[in-house]
Amino acid sequence: MLRTELEISTFEDLLYHYPYRYSDRSQVSKIGSVNAQSDQVQLVGTLVNIFDDGEGKRKRLVATLYDDTGRIELIWFQGAQWMKKTLKEHERYIVYGRVSTFNGNINIAHPEIEPLNAETAVAGLQPVYPTTEKLRARGISNRSFAKLTQALFEKIGQGDIPEILPANIITQYKLCNRYNAIRWVHFPDSVEHEQVARYRLKWEELFASQLTIAQLRMKHHIQPGWKFEKVGDYFNDFYNKHLPFQLTNAQKRVLKEIRVDTATGKQMNRLVQGDVGSGKTIVAVMSMLLAMDNGFQACMMAPTEILAQQHFQSISKLLKPMNINVTLLTGSIKSKERKEILAGLADGSIAIAVGTHALIEESVQFKNLGLAVIDEQHRFGVGQRARLWSKNETAPHILVMTATPIPRTLAMTLYGDLDVSTIDELPPGRQEIKTVNRTDIHRARVMEFIRKEIDKGRQAYIVYPLIEESEKMDYESLMAGYEQVKIWFPEHKYRIAMVHGRQEAGERQRNMERFAKGEAQVLVATTVIEVGVDVPNASVMLIESAERFGLSQLHQLRGRVGRGAEQSYCILLTSNKLGLDTLRRINVVVSTNNGFKIAEEDLSMRGPGDLYGTRQSGEFKFKIADIVTDVAILEQTRNAALQLITEDPGLRNPQHMALRELILPKTRQSHWGKIS
Ligand code: ADP
Ligand code: MG
């Protein structure tokens, strides 16, 4: 249970399961003093009047907490059943939560609540641990963690948690020792020690990530690579005769950076960053022609079949007049055809391969792969990317294209090992996408509007949210939405296609194609269409429950329209009862088309974990550091890491042994016992 819910399986993991805040039992507010302006409050009172309120979707559990100065409502929308079973009327509780207003009354939704007893009444800083509804339902409370950890600390000593940072770093950055840091973060004896401990642990965590990155970067810069010595006929012919438009200055500049970089004899590892629609594809294509001019093959890898397909089509079209052999390789390509493709790649008769992960399977051998483009991916971790083509004796040049403009601090952790080129200019003549926020009440008018656009010959996307935590319900509302859409757009006149992740790849692809070819006018979809899909005739993007999306995600989705000559629209449909915070978020997307601005806002409002999945997935999981607010530490650790890696690239110095283990956690033999 602990393992599946929180990835805690050893006692060591338990040590690293840090509290995310402390409740200071000396800070208890009187209920009478709480008002709509109060933010987080801690209250002690007696619970009465526990009852179910509302019907169906609006059903919730309500209870009243009172003390000698007043009363306040506590509300649960989820897990109400279980709460109802555990809470007892006329008992005293200690409650912590955020005050909000509903129907003119103040209340606290989903408070942390514990019975007041000898244990919980202890004054001083009490750790509060991250946990899940499931664990709570099993009776594993915050207090259980505190007890377990406390018991563990009674058994171990300083020697069990040895220092791992070099002494000079400890001194230079004034860090406390590791044992104290971990002890104090769980059981601080003062606010000061708590902060000192946190600082040290954040430092260590960010340092580990920066060491990995510094090592990679170092490796890249000494890694021999193919030398693209000349610009030849492929590149020049395309540029002079077949380029369907003028390159923007930004595109020219980035191409030049790539040319310089690939001519040095060192391996290129470059990120091309550019907002949606800035024209990254053509930069990739021309880089591939450069590879061909120098006698090499090139490939382009996309994260999904749909995208690979699209890239294949647009690249084939661009290169058609030049008689270049372009091939598509994805997982759904079957054995006989696949065999031929593999043969073509191995003997060099195929110059350019476009595909998915299928491109990096063991069985795929290129004759001489000179350049690999990885499109639209914030999905590979730093290390994963480095391993992609490690089987080749000389690794190809790597070009990573990302549409998500990335704030600098995040770039330092996600792409710190890459050199960066930015396309900071959109092709001329683009019409600004008109973005509006409408609420459920306006649904009929919105649908009417979309119908009119379609009757003018356009196409529309209707996108539904889909998040892991509520996947089942989200699929249900997607299906319900699809039925609704069929009513608004009756079958005798309109064609509707639907794509989502539960369809099998072939079916999804067929539906996507129907839309791409214009056979269907409406595409009902989940965020599977988030990245890269290019259907220039689509001019309306309707996003259902827009408040549930991240800002960058909304921006990505919006980028699916505004690709043709027509005025395009993005409609953010939301509930009509939005909180102020949410309204503000939505307004950021309404008010600007600048992806970079949106990414910064998003990062500062939501935190990177939610945004890019850097907390949940990928290489670096930050338990305690926050790369938005801990910029200063991030800079320090980056400098320290660069310096250390310059002095001792392989971390061979015995003093650095522990660091080596720190950044290679998978090979580490743990001497800690497992928790059963
Ligand atoms: P993204 O950067 O989002 O991948 P694409 O490469 O798909 O953008 O380009 C978006 C659209 O803009 C494509 O239809 C492409 O043909 C067009 N485009 C790219 N560069 C230019 C340019 N310099 N001038 C005019 N249109 C361009
Ligand atoms: Mg693209």
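Residues numbered from 1 in each chain as written. Chains lettered and ligands numbered in written order. Predicted model: local features only at pLDDT ≥ 70, side-chain atom pairs only at ≥ 80, totals over all residues. Heavy atoms only, no water.

Enquirer: Please clarify how the overall build of the protein chain should be interpreted in this entry.
Expert: When helices and strands are tallied, the protein chain shows 24 helices and 21 strands. The proportion of buried residues among the 676 residues of the protein chain is 51%. For the protein chain, the share of sequence-separated contacts (at least 6 apart) that also reach a separation of at least 24 residues comes to 73%. Taken as a whole, the protein chain presents about 32200 Å² of accessible surface, with 50% of it coming from carbon and sulfur. (Helix = DSSP H or I, 4+ residues; strand = E, 2+ residues; numbered from the N terminus. Buried < 20%, exposed > 50% of the residue type's maximum accessible area, 1.4 Å probe, protein only. Contact = heavy atoms within 4.5 Å. Areas by Shrake-Rupley, 256 points an atom, 1.4 Å probe, with all protein chains shown as cover.)

Enquirer: Is there a simple way to explain the site of ligand 1 in this structure?
Expert: Taken together, 16 residues surround ligand 1, and among them Gln246, Gly277, Lys280, Thr281 and Arg430 come closest. Between an oxygen atom of ligand 1 and a side-chain N or O atom of Lys280, the distance comes to 2.7 Å. Calculation on ligand 1 without its partners gives an accessible area of 570 Å², and the protein chains cover 81% of this total. For the shell around ligand 1, the residue count by class is four nonpolar, seven polar and five charged. (Near = heavy atom within 4 Å. Polar contact = N/O pair within 3.5 Å; in protein donor to acceptor, adjacent residues only side chain to side chain. Nonpolar A, V, L, I, M, F, W, Y, C, P; charged D, E, K, R; others polar.)

Enquirer: Would you take a moment to explain the pattern of salt bridges for this structure?
Expert: Side chains that differ in charge, positive against negative, can pair when their charged atoms come close. Using the criterion set out here, one finds 27 salt bridges in the structure. Between Arg217 and Asp419 there is a salt bridge, with its nearest N and O atoms 3.5 Å apart. Placement of the pair is Arg217 in helix H8 (residues 191-222) and Asp419 in strand E15 (residues 419-423), with a sequence separation of 202 residues. Between Glu448 and Arg451 there is a salt bridge, and its shortest N-O distance comes to 2.4 Å. Residue Glu448 and its partner Arg451 are located together in helix H16 (residues 443-455), separated by three residues, close to a single helical turn. For Glu448, a relative accessible area of 34% gives the class partly exposed. Residues participating in the shared-partner salt-bridge network are Glu163, Arg178, Arg200 and Glu204. (Salt bridge = Lys/Arg side-chain N within 4 Å of Asp/Glu carboxyl O.)

Enquirer: Can you walk me through the nonpolar core in this structure?
Expert: Nonpolar side chains in soluble globular proteins tend to be buried together. Of all hydrophobic cores here, the largest spans 51 residues; its most connected members are Trp203, Phe207, Leu211, Leu329, Leu345 and Phe366. For this core, the domains that each give at least three residues are domain 2 (167-222 + 630-664) and domain 3 (233-423). (Core = buried A, V, L, I, M, F, W, Y, C linked by side-chain atoms within 4.5 Å. Domains from an automatic or database assignment.)

Enquirer: Can you help me understand unusual backbone geometry in this one?
Expert: Across the chain, the bulk of peptide bonds are trans and the bulk of non-glycine residues have phi less than zero. One non-glycine residue, His90, lies in the positive phi region at around 70°. Along the chain, the position of His90 falls in the loop between helix H3 (80-86) and strand E5 (92-102). Although it is not a glycine, Lys174 adopts a positive phi angle of roughly 50°. Counting through the fold element by element, Lys174 comes out in the loop between helix H6 (167-172) and helix H7 (178-186). You can call Lys174 exposed: its relative accessible area is 73%.

Enquirer: I'm lost on helix H23 (residues 631-647) in this one. Help?
Expert: One turn of an α-helix holds 3.6 residues; hence residues three or four places apart share an orientation. Taking 1.5 Å of rise per residue, 17 residues should cover 24 Å, and H23 covers 24 Å from first to last C-alpha, within 8% of that figure. Buried residues of H23: Ile633, Leu634, Thr637, Ala640, Ala641, Leu644 and Ile645, and no others. End-on, the buried residues of H23 take up no more than an arc of 135°, which puts them together on one face. Of the residues in H23, the exposed ones pointing more than 90 degrees away from the buried face are Ala632, Thr646 and Glu647. (Expected span 1.5 Å × (residues − 1). Arc of directions from axis to C-beta.)

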